[in-house]
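Summary of structural features
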Amino acid sequence: MTPAAPALGSRDLPHPVREEIRLEAVLHALSDPMRLRIVRELAAVGDELSCSHFDLPVTKSTTTHHFRVLRESGVIRQVYRGTAKMNGLRRDDLDDLFPGLLDTLLAAAALQAVRLQEG
């Protein structure tokens, strides 16, 4: 994977450039319930959220893994702001590459949550 831009510092995280984002990687990333939960929350807020904002029922190392999978697949962008690692949905990139995919998956996830009483 080629970083989107040259590393500026030791805290910069590698992200795929838009042209490197693959459908199968996005679908894999969104196939996990915890990762889908993160993406649903980011989409609902429509802004960046810190990693500490998410209260997932998994260990910290597993949470870190989920964010890494989402970042490396091109679903989210992570940047440090001070000491906080901020996460933002790469909606523009995903919508340009796969029109309608994100909205369809988010709508289906919302319907499933209602059906399963997860809200």
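Read on for an overview of the structure. (Residues numbered from 1 in each chain as written. Predicted model: local features only at pLDDT ≥ 70, side-chain atom pairs only at ≥ 80, totals over all residues. Heavy atoms only, no water.)

**Some words on the environment of histidine 28**
How we decide: Elements are defined by DSSP. Helices are runs of H or I of four residues or more, strands are runs of E of two residues or more, and each kind is numbered from the N terminus. Here, two residues are considered to be in contact whenever any of their heavy atoms come within 4.5 Å of each other.
In this structure, histidine 28 sits in helix H1 (residues 23-30). Contacts of histidine 28, omitting those with residues within four sequence positions, involve Arg35 and Val69.

**Comments concerning empty space enclosed by the protein**
The cut-off we apply is this: Any residue with an atom within 4 Å of a point lines the site, the site being either a cavity, points on a 1 Å grid over the protein atoms alone where a 1.4 Å probe fits but cannot get out, or a pocket, an open set with protein on both sides within 12 Å along at least 5 of 7 lines. Grid points are joined across faces, edges and corners, and a volume is the space filled by probe spheres set on the points. Each residue is assigned to one class: nonpolar for Ala, Val, Leu, Ile, Met, Phe, Trp, Tyr, Cys and Pro, charged for Asp, Glu, Lys and Arg, and polar for all the others, Gly among them.
On inspection of all chains with the given rule, the structure shows one cavity of 30 Å³ or more. One number sums up the size of the largest cavity: a volume of about 30 Å³. Residue assignment for the lining of the largest cavity shows that the elements contributing at least two residues are H1 and helix H5 (101-115). Looking at the lining of the largest cavity residue by residue, the class counts come to six nonpolar, no polar and no charged.

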